[in-house]
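# Observations on the model geometry
Below are the chains, spelled out letter by letter.
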Amino acid sequence: MSTPQFDWPLANDAEALLRRYITAFLSKNGFAGRLADRMRDETGTDFFEWVDHLVVSPSEKNALVEAGFVLDNEAETPDGEAVYENPRATLPRVMLRAGEKQNPSVVALRPEFVADFIAAHNLSAEIEGEPFSRYRRVVIAEENGAQLEAVERHAYRGFVPAPLDFNQLRAIIKAKELWQTRPRLFPNDTDGFGIANKILDHSLELVGRDLSCEFFFASERAYWESRNRAAQIQKRRQDQLGLGWGNHDHHTFRCSREHFVDLIQFLLKLGFQKRERYYAGAEAGWGAQISEQPVVGIVVFADVDLMPEETQIDFSTQKLPPAPRLGTVGLWVGLHGESFLEAGMHHLEA
């Protein structure tokens with residue numbers, strides 16, 4: 001069965017609309033305006049990229065629809081508010097709430113952990129939602145009818161906090177430790193993939209697919225960061241503002257031809273959906289399967305050496321034979337090892 005055609009087109013109208021909303025918001029909320037300046041000056045990041053969602057009045061519905069937004073029927077909201085998303089672009093979602101006088105009335109940022117954000121800015125705000133739970137929310141600053149919030153998500157796309165019982169908390173802690181302690185060095189790579197799948201099966205039993213995905217990639221980022229000086233510097237800059245790695249765009253793994261299908265199968269067990277296949281050209285000699293986990297919001301570029309005659313096959317399901325020569329990806333794997341194992345990710349795009 002072939003992979004459905006999919007691509008992420010430019011969403012210029014949708015982005016322009018959201019940027020107009022956010023620019024108006026920053027002119028009303030001084031804390032947010034100063035934070036946006038610090039993000040730019042101290043971390044080299046754009047305030048826009050940290051926005052989880054906005055709240056506007058229902059009068060904005062037509063503008064959203066014309067810009068390509070559609071109703072998110074699965075979003076759980078406190079009072080049945082409608083939520084709109086752009087299904088073919090990675091953009092903040094927009095909630096419609098009656099009675100709002102400002103557009104937007106709320107902008108919610110998404111740092112990695114809201115407690116870190118509060119501590120970094122010396123705030124005394126109270127967090128709604130329990131630690132480790134699916135959704136946490138805190139009001140940061142309200143000025144001129146414009147309210148800045150911060151939210152923390154754990155494998156959840158809705159907007160309603162929920163309590164955790166003791167057994168759920170214990171399972172979460174255990175699953176996080178399983179991924180944190182995953183062994184990476186083996187006599188052969190086949191054993192490494194086998195052990196990782198056993199850990200995944202255990203994690204799925206404990207917390208399910210989506211949380212397993214979140215915890216796996218948190219551990220991957222930590223391992224990659226431990227081996228990358230530039231990552232350590234950038235992470236420290238973002239941590240000084242309490243942001244963490246909340247701005248990740250995609251994670252990139254470089255894989256051997258022998259184990260590429262094994263990597264894709266592992267990702268599918270984590271709930272990934274295949275998007276487009278990419279070929280860098282005959283001179284580059286490599287391609288990628290791009291996949292997305294829609295609940296957790298993780299995108300993966302999985303890279304592998306490809307011969308020109310292999311670009312039309314589904315190399316994510318058909319195991320590639322040994323190549324007559326090593327290309328860009330194969331040489332990297334030969335020098336460093338599999339990204340999935342001892343080498344760690346090739347890069348994080350943030």
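Our subject is the structure listed above.
What counts as what
Residues numbered from 1 in each chain as written. Predicted model: local features only at pLDDT ≥ 70, side-chain atom pairs only at ≥ 80, totals over all residues. Heavy atoms only, no water. Helix = DSSP H or I, 4+ residues; strand = E, 2+ residues; numbered from the N terminus. Buried < 20%, exposed > 50% of the residue type's maximum accessible area, 1.4 Å probe, protein only. Polar contact = N/O pair within 3.5 Å; in protein donor to acceptor, adjacent residues only side chain to side chain. Contact = heavy atoms within 4.5 Å. Axes fitted to C-alpha atoms, helices over the stretch in contact; angles between N-to-C directions. Parallel < 35°, antiparallel > 145°, perpendicular 65-115°, else oblique. Nonpolar A, V, L, I, M, F, W, Y, C, P; charged D, E, K, R; others polar. Salt bridge = Lys/Arg side-chain N within 4 Å of Asp/Glu carboxyl O. Pairing = 2+ DSSP bridges.

Here we take up the side chain of R93. Relative to the elements of secondary structure, R93 occurs in strand β4 (residues 93-96). Since its relative accessible area comes to 8%, R93 is described here as buried. Within polar-contact distance, the side chain of R93 engages the side chain of D72 at 2.9 Å. Excluding its chain neighbours within four sequence positions, the residues that come into contact with R93 are D52, H53, L54, D72, A75, V83, Y84, E85, R153, R157 and F159.

Before going further, it helps to examine the packing of helix α5 (residues 166-180) against helix α6 (residues 189-226). Helix-helix packing is characterised by the crossing angle of the two axes and by the distance between the axes. α6 packs onto α5 with a crossing angle of 85° between their chain directions and a minimal axis gap of 8 Å. Regarding the angle of α5 to α6, the classification is roughly perpendicular. Residues A171, I172, K174, A175, K176, L178, W179 and Q180 of α5 touch α6, and the partners they reach there are A196, I199, L200, H202, S203, L206, V207, L211, S212, F215, F216 and S219. When its residues are assigned to classes, the contact of α5 with α6 shows 13 nonpolar, five polar and two charged.

Packing of α6 against helix α8 (residues 260-269) brings their axes to within 9 Å, and their N-to-C directions diverge by 35°. Facing F193, A196, N197, L200, D201, L204, R209, F216 and F217 of α6, the residues of α8 in contact are D262, L263, F266, L267 and K269. Split by residue class, the contact of α6 with α8 holds nine nonpolar, one polar and four charged.

So, on to the pattern of salt bridges. Inspection of every chain in the model, using the stated rule, returns 23 salt bridges. For D52, the salt bridge is made with R153, and the minimal N-O distance between the two is 2.8 Å. Placement of the pair is D52 in strand β1 (residues 51-56) and R153 in strand β7 (residues 146-153), with a sequence separation of 101 residues. Of the two residues examined, D52 and R153, each falls in the buried class. Linked by salt bridges that have partners in common, D72, E85, R93 and R157 make up one network.

What follows concerns the environment of I199. In this fold, I199 is placed in helix α6. For the pair I199 and S212, spaced 13 residues apart in sequence, the C-alpha separation works out to 9.9 Å. Among all residues touching I199, those that are not within four sequence positions of it are L178, W179, R182 and P183.

A word on the sheet that holds strand β12 (residues 347-349). An order of β9-β10-β11-β8-β12 is seen for the five strands of this open sheet, with the pairing classed as mixed. Sheet topology places β9 (273-279) and β12 at the edges, where each strand pairs with a single neighbour. Adjacent strand axes in the sheet meet at a mean angle of 20° when their direction is disregarded. One ladder, built from eight bridges, connects strand β10 (residues 286-293) with strand β11 (residues 298-305); its direction is antiparallel. For S291, the partnering residue across the bridge sits in β11 and is V300. Helix-sheet contacts for α6 involve β8 (250-254), β10, β11 and β12, and the interaxial angle to β8 is about 70°. Of the strands in this sheet, β8, β9, β10 and β11 touch α8, which is tilted by about 170° from β11.

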